[in-house]
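Breakdown of the fold
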There are 2 protein chains.
Amino acid sequence: MTKFITSDDILAMDKQTRVHFINSLSGFKSVALVGTKAKNGNTNLAIFSSLVHIGANPPLVGLIFRPSPPERDTMRNMIETGFYTVNHINENIYKAAHQTSAKYDKNVSEFEITGLTAEYKNNFFAPFVAESTIQIGIEFKEKIDIQINNTTLIIGEITQIYVPDDCVKLDGFIDLEKANTITCSGLDSYHKTVQLDRLSYAKPDKLLTSLL
Amino acid sequence: MTKFITSDDILAMDKQTRVHFINSLSGFKSVALVGTKAKNGNTNLAIFSSLVHIGANPPLVGLIFRPSPPERDTMRNMIETGFYTVNHINENIYKAAHQTSAKYDKNVSEFEITGLTAEYKNNFFAPFVAESTIQIGIEFKEKIDIQINNTTLIIGEITQIYVPDDCVKLDGFIDLEKANTITCSGLDSYHKTVQLDRLSYAKPDKLLTSLL
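Computed from a predicted model, the values in this text were never measured in an experiment.

Thresholds applied
Residues numbered from 1 in each chain as written. Chains lettered and ligands numbered in written order. Predicted model: local features only at pLDDT ≥ 70, side-chain atom pairs only at ≥ 80, totals over all residues. Heavy atoms only, no water. Helix = DSSP H or I, 4+ residues; strand = E, 2+ residues; numbered from the N terminus. Rg over C-alpha atoms; globule rule 2.2 N^0.38 Å. Buried < 20%, exposed > 50% of the residue type's maximum accessible area, 1.4 Å probe, protein only. Contact = heavy atoms within 4.5 Å. 1 Å grid on protein atoms, 1.4 Å probe; cavity = no way out; pocket = protein on both sides within 12 Å on 5 of 7 lines; lining within 4 Å. Points joined across faces, edges and corners; volume = space filled by probe spheres on them. Nonpolar A, V, L, I, M, F, W, Y, C, P; charged D, E, K, R; others polar. Least-squares fit on C-alpha atoms with pLDDT ≥ 70 in both. Phe/Tyr/Trp six-rings, centres within 6.5 Å; stacked < 30°, edge-to-face > 60°. Lys NZ or Arg CZ within 6 Å of the ring centre and 35° of its normal. Pairing = 2+ DSSP bridges. Buried area = accessible area lost by both parts, 1.4 Å probe. Salt bridge = Lys/Arg side-chain N within 4 Å of Asp/Glu carboxyl O. Polar contact = N/O pair within 3.5 Å; in protein donor to acceptor, adjacent residues only side chain to side chain.

Here the focus is the overall build of chain A. A tally of helices and strands in chain A yields five helices and 13 strands. Relative to a compact globule of 212 residues, whose C-alpha radius of gyration would be 17 Å, chain A shows 19 Å and is just as compact. By residue count, 60% of the 212 residues in chain A fall in the buried class. Pairs at least 24 residues apart make up 56% of the contacts formed inside chain A by residues separated by at least 6 positions.

Okay, here's the thing in structure tokens:
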């Protein structure tokens, strides 16, 4: 049986049910650890499921921030220092990654608490997560206020990438399964993936073929 | 071996390689079919991998649009009519869904071409995809220009939801695997998922437990 749910039904849900429900509706999501360092040297690590591709040239990604405190630390560091890292989450670290969403005091580093290792390299200001298979160094570019619900879109340019050699195909595609990158749904569900296929570039009047 | 890739390396890639590579970096993505109807009655169906959760109350989702023509049709319909649908993609329809990305003439409906069925119900203006297990009706709310690369963020409010009864858990979480919803990576790779766990709400000094 199909449930039909209206705006009134959504409004009538209790807060936590609505948060779980609406967060699930946007489908499987990219989930990653965002690493920053404050001007005073304090490090911060936070899990995000709102990473979105903005463009390839220049290479841009976006992140949505809610007005709540733990995310505010990360956003302030990004804007004040100009740098942050995005680190893919794999099966070995997803529990530690989830734990970073707890509301720790401002002077507590989620790196120390969770046992994940801050890694500095090639003069990049912000810490990478050593345990991540794919690490991305990003330069802050633009802050866009989303007034309808007081959230913020932060856009940055990718300037450093660390990825295992054997995960990058000849055509540029990265085999995320080989890198053990996982995905999430809702607020708290983690999933590994099984590739169904890669499909050829779609054209009118041409049959799709498999690229595998 | 880990490959270290810099801004200069990205710039030096040929265009198609860069597009595959950068699109893969944002991790596994939500992938869905967006259905619209023009004022003149023409229908349009397009695959998007940029759906992002914006907030639960009010229930808002965002979509990123590039300045290219096929997406422009969809965006114009959304803004001119005020309504669109987001339809989850399952294993049975991902090839048809991928085919909607071909550049058809403006007066060609991707519904007819791909054999996917336009479904109208409960007085919603835009067509749902009958073959989708989870269907969402959305009202256009806000258009935000991202000037750095001439893309656009469209935000809408969820007003109708169709979801199988047995996929919705007591706490509001939707079991997307039970609904056969799939995910994608890069431009052309489709994946089903295997749930690892659902984790309890994280708190300082409290061990995570499984919600399964």
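Before going further, it helps to spend a moment on empty space enclosed by the protein. In the structure shown here, the tally under the stated rule is two cavities of 30 Å³ or more. What lines the largest cavity is a set of 16 residues, among which Ser 30 and Leu 51 of chain A together with Lys 29, Ser 30 and Leu 51 of chain B lie closest to the centre. Sorting the residues of the lining of the largest cavity by element identifies strand E2 (29-30) and strand E5 (52-56) of chain A together with strand E2 (29-30) and strand E5 (52-56) of chain B as the ones contributing at least two each. Here the lining of the largest cavity is composed, by residue class, of six nonpolar, eight polar and two charged. Looking at the second largest cavity, its volume works out to about 30 Å³. Lining the second largest cavity are Leu 25 and Ser 26 of chain A together with Leu 51, Val 61, Val 86, Ile 136, Ile 138 and Ile 158 of chain B. Class assignment for the residues of the lining of the second largest cavity results in seven nonpolar, one polar and no charged.

Moving on: the relation of the copies chain A and chain B. With an RMSD of 0.0 Å, the fit of chain A onto chain B corresponds to turning through 180° and sliding 0.0 Å along the axis. Those values place the two copies in the arrangement expected of a two-fold rotation axis. Closest approach to the rotation axis among the C-alpha atoms of chain A is made by Thr 193 of chain A, whose C-alpha sits 2.1 Å away. By residue overlap, the copies meet face to face through one surface: 100% of the interface positions of chain A are interface positions in chain B.

This paragraph deals with the packing of aromatic side chains. Evaluation of the coordinates by the stated rule reveals twelve aromatic pairs over all chains. A ring pair is formed by Tyr 94 of chain A and Tyr 190 of chain A, whose centres lie 5.3 Å apart and whose planes are at 40°; its orientation type is tilted. Of the two residues, Tyr 94 of chain A is situated in helix H4 (residues 94-99) and Tyr 190 of chain A in strand E13 (residues 189-198); the sequence distance between them amounts to 96 residues. By the burial criterion, Tyr 94 of chain A is buried, and Tyr 190 of chain A matches it. Arranged with centres 5.3 Å apart and planes meeting at 80°, the rings of Phe 83 of chain B and Phe 124 of chain B form a pair that is edge-to-face. Taken as a pair, Phe 83 of chain B in strand E7 (residues 83-88) and Phe 124 of chain B in the loop between strand E8 (118-119) and strand E9 (128-129) lie far apart in primary sequence, 41 residues in all. Judged by relative accessible area, which is 6%, Phe 124 of chain B ranks as buried. One aromatic cluster is present, built from ring pairs that chain together Phe 4 of chain A together with Phe 83, Phe 124, Phe 128 and Tyr 162 of chain B. The ring of Phe 125 of chain A carries the charged tip of Lys 37 of chain A above its face, separated from the ring centre by 4.4 Å. Lys 121 of chain B extends its terminal NZ or CZ atom over the ring of Phe 128 of chain B, reaching a point 5.5 Å from the ring centre.

Once that is clear, we can look at the side chain of Asp 73 of chain A. Along the chain, Asp 73 of chain A falls in helix H3 (residues 69-81). Apart from the residues lying within four places of it in its own chain, the contact partners of Asp 73 of chain A are Asn 44 and Lys 106 of chain A.

Residues and elements named next belong to chain B. Within helix H2 (residues 15-25), nine of the eleven residues are buried, which leaves it mostly tucked inside the rest of the structure. Those residues of H2 not exposed but buried are Thr 17, Arg 18, Val 19, His 20, Phe 21, Ile 22, Asn 23, Ser 24 and Leu 25. Just beyond H2, the residue with positive phi is Gly 27, at close to 85°.

The next subject is the sheet that holds E2 of chain A. An order of E2(A)-E12(A)-E13(A)-E13(B)-E12(B)-E2(B) is seen for the six strands of this open sheet, with the pairing classed as antiparallel. Where the open sheet ends on each side, the last strands, each with one partner, are E2 of chain A together with E2 of chain B. With three bridges joining them, strand E12 (residues 183-185) of chain B and strand E13 (residues 189-198) of chain B adopt antiparallel strand pairing. From the neighbouring strand, Cys 184 of chain B faces E13 of chain B, where its bridge partner is Tyr 190 of chain B.

Right, let's get into the pairing of E7 of chain B. All names here are of chain B. Of all six residues making up E7, five are buried, and the element is well covered by its neighbours. As paired strands, strand E3 (residues 32-37) and E7 are joined by four bridges and run antiparallel to one another. Among the inter-strand pairings, Val 34 is bridged to a residue of E7, identified as Val 86. As judged from the five bridges shared by E7 and strand E10 (residues 135-146), these two strands associate in the antiparallel manner.

Once that is clear, we can look at the environment of Leu 25 of chain B. Structurally, Leu 25 of chain B is set in helix H2. Taking C-alpha positions, Leu 25 of chain B is 8.6 Å from Ser 185 of chain B, a pair spaced 160 residues apart along the chain. What Leu 25 of chain B contacts, discounting residues up to four positions off in sequence, is His 88, Ile 134, Ile 136, Ile 158, Ile 161 and Ile 174 of chain A.

As a further point, take the interface of chain A and chain B. Counting residues at the interface gives 99 residues for chain A, matched by 99 residues for chain B. Taking both sides of the interface into account, the surface hidden between chain A and chain B amounts to around 8,900 Å²; carbon and sulfur atoms contribute 65%. A per-residue breakdown of the area chain A buries against chain B is headed by Leu 25, Phe 28 and Leu 196 of chain A, which together make up 9% of the total. On the surface where chain A and chain B come into contact, there are four salt bridges. Linking Asp 165 of chain B and Lys 3 of chain A is a salt bridge whose minimum nitrogen-to-oxygen distance equals 3.4 Å. The interface formed by chain A and chain B contains 44 residue pairs in polar contact (both at pLDDT 80 or more). The residue makeup of the side of chain A that touches chain B, split by class, is 46 nonpolar, 35 polar and 18 charged. Examined bridge by bridge, strand E1 (residues 2-6) of chain A and strand E11 (residues 151-164) of chain B share five bridges and lie antiparallel to one another. The partner of Thr 6 of chain A across the bridge, within E11 of chain B, is Gln 160 of chain B.

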